[in-house]
Amino acid sequence: MGLDGGVRMATRFEPVGSRFSAPELEERVLRFWGDREIFRRSIDERAGAPVFSFFEGPPTANGNPGVHHVLARVFKDLIPRYKTMRGYQVPRKGGWDTHGLPVELEVEKQLGLSSKREIEDFGVAAFNERCRASVFAYVQEWERMTQRIGFWVDMQDAYVTYSNEYIETCWWIFKRLWDHGLMYLGYRVTPHCPRCETSLSSHEIAQGYHEDTPDPSVTVRFRVKPAHYHASAPTPHLHLEDGVPTSILAWTTTPWTLPGNTALAVNAEAGYVLLEMDAAGGGRERVVVAADRVEAVLGDAGDIIDAFRGRELVDVLYEPLFESTTWDGVEALVFAPDGRPQRLKASESAPERRVVAGAFVGTADGTGVVHIAPAFGEDDYQLGRSAGLMFLQPVSLSGTLVGGPWAGRFVKEADPSITADLRERGLLWNAATIRHTYPFCWRCDTPVLYYAKPSWYIRTTAIRDRLVETNQTIHWVPEHIRDGRFGEWLEGNIDWAVSRERYWGTPLPLWVCELCAHTECIGSFEELRTRARAATLPEPFDDPHRPFIDAIEIDCPQCGGTMRRTPEVADAWFDSGAMPYAQWHYPFEHGEQFESRFPADFICEAVDQTRGWFYTLHALANLLHRTEDVSEPIAYRHVIVLGHILDGDGQKMSKSRGNVVNPWDVLNDHGADALRWYLYTASPPGNSRRFSSELVGETARRTISTLWNTYSFFVTYANVADFDVAAAVDPGSRTELDRWVRSELHRTVRQVTEALDAYEPADAGRPIADFIEQLSNWYLRRSRRRFSRPDSEADRQAALHTLCECLTTTARLLAPFTPFLAEELYRNLEAGPGSTTGASGAGAAESVHLATWPEVDVSAIDEQLSSEVATVQRMVSLARAARAKAGARVRQPLATAVLVPRTPAERAALERLRDQIQDELNVKTIEVASDAGERVSYTLRPNLPVLGPRLGSDVGRVRQALASADGSDIARRMRTGQPITLAGVDGIELAASDILLSVEAGEGWAAAEDGGYIAVVDARLTPDLEREGIAREIVRRLQDLRREAGLDLADRIRVTFQGDGVITAALAAHGDSVREETLADSILAATPEAGAVQSSAEIDGHPLTLALLRA
RNA sequence: GGGCCCGUAGCUCAGUGGUUAGAGCAGUCGGCUUAUAACCGACCGGUCCCUGGUUCGAUCCCAGGCGGGCCUACCA
């Protein structure tokens, strides 16, 4: 305005109350950020700076966000805010995960559909439209929460996995993989939900295990064929020539797989036995089981006829449990070289059921013989393939039996009938029920079946070694994830089953010729337009989802036939792993952005993403590096892996358990800063943590509220003193205390910076909390008088400057952690209220989040001073403990305190800082000594860290000798530096540093000791001391009365008192100081004046009535 | 079943091959008093999950268990 005529005005800070409402403050800051576009500017104003790249792991917005989501989001926020202050440009593009089974099932529920058949009847186009709409049902809730907790992420420009551009990039990736032979159609056993009729990923399976699931446990007789059926002579160990009916026993928990049985597997090296016993229906029978299993399966029944290795049983033929006459409708298939079961050629006959060897067969349970049904188990399938077995598939994809007496029945419901049938036909050895863990579909709770069927695979095993190797270059926090959970998962890598027989997902861009099976992968929409038969291309082609994409046909270049798209969509995890490329529609667009942000410098998710997002990102980066499409084989350099939030009982929070804490309750009660601070500092990020709103409040009170009070104190006195931030401070005016707190401050800056550079938020937060504690409870408490009644103006300005620096620097340190509180402090203290340039001077950034990270002022750090004050604090604390033992309240002056630290350097420090100590302790004389002399008696202990390595096993004897030695004598020798020898321990000479003393106070003294530090106080009161104590007590009571009377700070008073001789004597001796402290014009022995405020109580047993009136 | 993490005071968590294992909160008692819906001190509170081993010495290192969490796995 130019009205100051060049006269510099001192800053006036916005007044700050000692109480504050965090939610109110935070809403105010949020408005400020919004009005001034601070987030956008924190990125834009860093244009040209090196980019620090952050990838947002996309949340699925189909449920309300809980506290566990807040956890991830506040950690995602921390590092980018820090790096921004360190001068990087940190773009933060948001994203949403929108495809997949959870979305489909949500819609199925809404529509009341329960099978794929019903979805197709409803119409895939309409169904997918509902999916598209449902994904964003909760987006507003997410955005509201995200904003309220102060997570800065660009949600306007977020990527969406269902967008055409996103899908096109996924196609490009598939194409690159396909062209490099990294994709194939495999025929394999996968977990299959018969209701959803699709494969489930391992991640999905993991969510649906039910413990204690009851299942049948049946042991079955497989009848060995008579000798003449065998092509070559069967092993003589079976003694088939005896003509006794002989069976091999096998155990299963899935009777419904028995119609699919085509082999029995034994362990070639294990021992087996042939036993004979009475048969149930009369006569004798013989059975084969593993030698280890005889007792468990047969008890003591039966006599051992022969014993042999498993290999002897290989190629023994046995009869099918179900004759083809009773189980029709299932065609016998054989394995083709590519692993796919195929029909028999006319000239072929089906392989016979026989015994084979399998390395996976153990003898720890069952019978040591495994029933093999290649259609239903991974081991079974692989064995079938390698041994050339017959393949029978008597179960449909919807989980019902095909053919046989129970055709159409759901497999689990058919189990009892199958078992009963076997019992009737004498083939059942034993039936019972067991309880074990079994997988169910995590969404619809249908028991999952393992099922051999075709599926598209990404050949991740081709790059397994590279996955492992490049993982070593990723910085994992906590470190153990790298070689532990994640590393081991990579070591055991199997090919990625990437196809899903569903509707709402990225369609696989694979077209297969219906005549010759020629397959092509289409890598872009343009390529598809070019290749498509014009008549089949929808016009306009604006949605690459099903069902539209399915209509498009391509001419087969090999045979001229029709190529149709394979009907599957991609695993939604493929979408998430494709995010570094697809979020930019790379390589079709935005090549520059992609290049500058790949790989990410930082990502952060909870530990359950180890085999989810962390894996898919890593796998795709490695694959695309293999195809030479990206420059680096990793997608992220640093990753913080978060543990889960548990409820008060240590249970994981989840919707299904109903124990999710609503973040809004916490936010409304304590505010976002408190919640954030708690999450950062409660424990290292990788630990799981129990959570409750109360704990958040507790943490906040301790640190945030302490800082706020300090801030409020500063502003109050700075305004009173017309404090000018910009005025230079005279270094000579700085006191020792000023120098100390600056040393602590810059030590803190150093620690916090190092910890954040190491991606360890908890280690970074704790020093800040410690500093705030020191600032408030040592610096400020000890400096109070310098602010309210300073010795000189220069002293006051120095104190204000020092405190101001501490607060503004702390605000910057806190900015990434508690961005709202930090902003409040910064705005008021540095940028000036309502200012855009900073009232305190030109160039102050408008927001702390546009400001720079504090530099460590190395010259401010005085390690010696810091450790000296630490010693003072320790000794003061000890002396207070000694006071308490003596029963002397702090206002009661004592004559002497003797302080005994451990080293000469510490003694020197205490001598130097004697004034501070005296002040804190309220004693007349401080004595610093190397021992407490005759005031105490000693007990002795060996200094084990010193003596242990030197003496080894002699330590025990020294310990005993010290315990029985004369403490005072040895203490005297230690004091005078004489060598010490002990009775009963020959040849060992001890020095003072080898022995530790503990003390017991002598008569009239009180002592406290901790870790070799000793404080002793004189507990005896002289009449003088007593009078002084009483006088100080009177001061306190008068101050109370002043407050009670509602007087102002500067009001003067008249005092009357009624007391005994001791009271009178105390006031006679110390009346001047009492008057001075309480601003009293007079203190008279008299009855209270009319209208006076008064109180009566005893001091040390002396009755006293005090009364005061405003003068 | 396997892997990883965790197990320390009533609660939430530090910590270390070495003296008498700590902090905050809670509880009890006391103190302070214009930072005051704060603050300071003391006390109370411990089988450092258990059992073995290594060691002069183990809460810490090793082995085996137990319990919790997470991840993973249809051995029939």
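Please read these numbers as outputs of a predicted model, since none were measured by experiment. (Residues numbered from 1 in each chain as written. Chains lettered and ligands numbered in written order. Predicted model: local features only at pLDDT ≥ 70, side-chain atom pairs only at ≥ 80, totals over all residues. Heavy atoms only, no water.)

Enquirer: Describe the overall build of chain A, naming the residues involved and giving the relevant values.
Expert: Within chain A one finds 34 helices and 41 strands. C-alpha extents for chain A along the principal axes are approximately 125 × 90 × 60 Å. Taken over 1111 residues, chain A has a buried fraction of 56%. In chain A, the proportion of contacts linking residues at least 24 apart, taken out of those at least 6 apart, comes to 78%. Accessible surface computed for chain A: about 46,800 Å², of which carbon and sulfur atoms make up 48%. Here chain A holds 118 positive side-chain charges and 157 negative ones, and the gap between their average locations is 3 Å. (Helix = DSSP H or I, 4+ residues; strand = E, 2+ residues; numbered from the N terminus. Buried < 20%, exposed > 50% of the residue type's maximum accessible area, 1.4 Å probe, protein only. Contact = heavy atoms within 4.5 Å. Areas by Shrake-Rupley, 256 points an atom, 1.4 Å probe, with all protein chains shown as cover. Lys, Arg positive; Asp, Glu negative; His and termini not counted. Charge placed at Lys NZ, Arg CZ, Asp CG, Glu CD.)

Enquirer: Please provide a residue-by-residue account of the packing of aromatic side chains, values included.
Expert: Enumeration over the complete set of coordinates arrives at 48 aromatic pairs. Look at F335 and Y381: their rings are 5.4 Å apart centre to centre, the planes differ by 75°, and that puts the pair in the edge-to-face class. Pair noted here: F335 is in strand 11 (residues 333–335) and Y381 is in helix 11 (residues 378–387), with a separation of 46 residues, a long-range link. Residue F335 is classed as buried on the basis of its relative accessible area of 13%. Geometrically, the ring pair formed by F525 and F541 is edge-to-face, given 5.8 Å between the ring centres and 90° between the ring planes. Here F525 is found in helix 15 (residues 525–531), whereas its partner F541 is found in the loop between helix 15 and strand 23 (553–555), with 16 residues between them in sequence. Summarising the burial analysis for this pair, F525 and F541 share the class buried. An aromatic cluster is defined as three or more aromatic residues linked by ring pairs; in this entry it consists of W96, F136, W142, Y162 and W504. (Phe/Tyr/Trp six-rings, centres within 6.5 Å; stacked < 30°, edge-to-face > 60°.)

Enquirer: Can you lay out the nonpolar core for me, pointing to particular residues and giving the numbers?
Expert: Core analysis: the biggest nonpolar cluster contains 142 residues, and L679, F691, F714, L803 and F817 have the highest contact counts within it. Residues within four places of F817 in sequence aside, it is in contact with L78, R676, W677, Y680, L756, P761, A764, G765 and I768. (Core = buried A, V, L, I, M, F, W, Y, C linked by side-chain atoms within 4.5 Å.)

Enquirer: Tell me about the sheet that holds strand 41 (residues 1102–1110), and please be specific about residues and values.
Expert: The sheet built from 4 strands is open, its strands ordered 39-38-41-40 with mixed pairing. Taken across any chain shown, the strands that pair with only one partner, and hence form the sheet edges, are strand 39 (1080–1085) and strand 40 (1093–1099). When strand polarity is set aside, the average angle formed by the axes of neighbouring strands in this sheet is 20°. Direction of pairing for strand 38 (residues 1053–1059) relative to strand 39: parallel, over a ladder of 5 bridges. By the bridge assignment, F1057 is partnered in strand 39 with A1085. (Pairing = 2+ DSSP bridges. Axes fitted to C-alpha atoms, helices over the stretch in contact; angles between N-to-C directions.)

Enquirer: So, helix 3 (residues 67–85): which residues are in play, and what are the values?
Expert: Over its 19 residues, helix 3 extends 27 Å from the first C-alpha to the last, a length consistent with the 27 Å expected when each residue adds 1.5 Å. Most of helix 3 sits out of view: 17 of its 19 residues are buried. Positive backbone phi, at 105°, marks G87, one or two positions downstream of helix 3. (Expected span 1.5 Å × (residues − 1).)

Enquirer: Would you mind going over the protein's contact with RNA strand B in detail, with residue names and values included?
Expert: As a matter of local geometry, RNA strand B sits amid 68 residues, with S18, V370, G377, R891 and L996 nearest to it. In RNA strand B, atoms within 4 Å of the protein come from the sugar-phosphate backbone in 57% of cases. Taking F360, its main chain carries an N or O atom lying 2.6 Å from a base oxygen of RNA strand B. For RNA strand B, a base nitrogen lies 3.4 Å from a polar atom in the backbone of G362. Looking at the surface near RNA strand B, the element that brings in the most residues is helix 24 (residues 761–788), giving 7 residues. Split by residue class, the surface near RNA strand B holds 20 nonpolar, 25 polar and 23 charged. (Near = heavy atom within 4 Å. Polar contact = N/O pair within 3.5 Å; in protein donor to acceptor, adjacent residues only side chain to side chain. Nonpolar A, V, L, I, M, F, W, Y, C, P; charged D, E, K, R; others polar.)

Enquirer: Break down the packing of helix 13 (residues 464–471) against helix 14 (residues 480–491) for me, citing the residues and quoting the values.
Expert: In contact at an axis separation of 9 Å, helix 13 and helix 14 are set at 165° when each is read in the N-to-C sense. Considered as vectors, helix 13 and helix 14 are oriented roughly antiparallel to each other. Between helix 13 and helix 14 lies a crossing whose hand is right-handed. Of helix 14, the residues touching helix 13 (which contributes R464, L467, V468 and N471) are R482, F486, G487, L490 and E491. For the contact of helix 13 with helix 14, the per-class residue count stands at 4 nonpolar, 2 polar and 3 charged. (Parallel < 35°, antiparallel > 145°, perpendicular 65-115°, else oblique. Left-handed = near helix turned anticlockwise from the far one by under 90°.)

Enquirer: Account for the environment of L821, with residues named and values stated.
Expert: Tracing the chain through its elements places L821 in helix 26 (residues 819–831). Residue classification places L821 among the buried positions, given a relative accessible area of 2%. In this structure, the C-alpha to C-alpha distance between L821 and A811, residues 10 residues apart in sequence, is 7.7 Å. The residues touching L821, leaving out its near neighbours within four places in the chain, are L25, D673, I704, L707 and W708.

Enquirer: Give a detailed account of helix 26, specifying residues and quantitative values.
Expert: Taking 1.5 Å per residue, 13 residues should reach 18 Å; helix 26 reaches only 15 Å between its end C-alpha atoms and comes up short. Of all 13 residues that make up helix 26, 13 are buried, and the element is covered over most of its length.

Enquirer: Could you give an account of the sheet that holds strand 4 (residues 198–199), naming the residues involved and the relevant values?
Expert: Strand order in the open sheet made by the 4 strands is 4-3-17-19, with antiparallel pairing throughout. Of all the strands in the sheet, the pair left with one neighbour each is strand 4 and strand 19 (496–497).

Enquirer: Kindly report on unusual backbone geometry, identifying the contributing residues and their values.
Expert: With an omega of 0°, the peptide bond running from V477 to P478 counts as cis. With respect to the helices, strands and loops of the structure, P478 is situated in the loop between strand 18 (475–477) and helix 14. Of note, the bond from E539 into P540 is cis; its omega dihedral lies within 30 degrees of zero at -5°. Within the secondary structure, P540 sits in the loop between helix 15 and strand 23. A positive phi angle, near 60°, is found at E628, a position not held by glycine. Its place among the elements puts E628 in the loop between helix 19 (613–626) and strand 27 (636–642).

Enquirer: Go over the pattern of salt bridges with me, naming the residues and quoting the values.
Expert: It is possible for side chains of opposite charge to pair when their charged atoms get near one another. A complete count under the given rule lists 69 salt bridges for this structure. Of the charged contacts, one joins D550 and R565 as a salt bridge, the two residues approaching to 3.0 Å between their closest N and O atoms. Remark: R565 occurs in strand 24 (residues 562–565) and D550 occurs in the loop between helix 15 and strand 23; sequence separation between them is 15 residues. Connected through salt bridges with shared partners, the residues D242, E276, D278, R284, R286 and D303 form a single ionic network. (Salt bridge = Lys/Arg side-chain N within 4 Å of Asp/Glu carboxyl O.)

Enquirer: Residue-level account of the confidence of the model for chain A, with values.
Expert: Note that predicted coordinates carrying low pLDDT should not be read in detail. Residue-level pLDDT values for chain A average 85, and 94% of them are 70 or greater. Looking across chain A, the model is least confident in helix 9 (residues 202–206), with a mean pLDDT of 66, and most confident in helix 8 (residues 164–179), with 97. Low pLDDT (under 50) marks residues 1–10, which in the prediction has 7 contacts with non-local residues, meaning those over four places away or in another chain. With pLDDT under 50 throughout, residues 833–842 is counted as low confidence; its partners more than four residues away or in other chains account for 20 contacts. (pLDDT = per-residue confidence, 0-100.)

Enquirer: Please set out the environment of V334 residue by residue, giving values where relevant.
Expert: Structurally, V334 can be placed in strand 11. V334 sits 11 residues away from K345 along the chain, and the two C-alpha atoms are 9.7 Å apart. Once you skip the residues sitting within four places of it in the chain, V334 turns out to touch R340, P341, Q342, L344, E348, P351 and L389.

Enquirer: I'd like a rundown of the pairing of strand 17 (residues 449–458), residues and numbers included.
Expert: In terms of burial, strand 17 is largely enclosed, as 8 of its 10 residues are buried. Judged from the 10 bridges that link them, strand 3 (residues 183–193) and strand 17 form a sheet pairing that is antiparallel. Bridge pairing in strand 17 links P191 to Y450. Inspection of the sheet shows strand 17 paired to strand 19 by 2 bridges, in the antiparallel sense. Opposite Y457, over in strand 19, you have A497 as the bridge partner.

Enquirer: So what's going on with the side chain of S524? Residues and values would help.
Expert: Looking at the secondary structure, you find S524 in the loop between strand 22 (519–521) and helix 15. For S524, the side chain forms a polar contact with the main-chain nitrogen of E527, separated by 3.0 Å. Those residues in contact with S524 that sit more than four places away from it in its chain are E168, W171 and F588.

Enquirer: Which residues make up the state of the cysteines, and what values go with them?
Expert: A complete count under the given rule lists 0 disulfides for this structure. Summary of cysteine pairing: C516 is not part of a disulfide, and the nearest cysteine sulfur, belonging to C556, is at 3.6 Å. Judged by relative accessible area, C516 falls into the partly exposed class, the value being 35%. (Disulfide = S-S within 2.5 Å.)

Enquirer: Got a sec to walk through the packing of helix 22 (residues 693–720) against helix 26? Specific residues and values, please.
Expert: As a packed pair, helix 22 and helix 26 sit with axes 12 Å apart at the nearest point and diverge in direction by 10°. When the axes of helix 22 and helix 26 are compared, the pair comes out roughly parallel. Residues I704, L707, W708, Y711, F714 and V715 of helix 22 lie in contact with helix 26, whose contacting residues are L821, E824, L825, N828 and L829. Class assignment for the residues of the contact of helix 22 with helix 26 results in 9 nonpolar, 1 polar and 1 charged.

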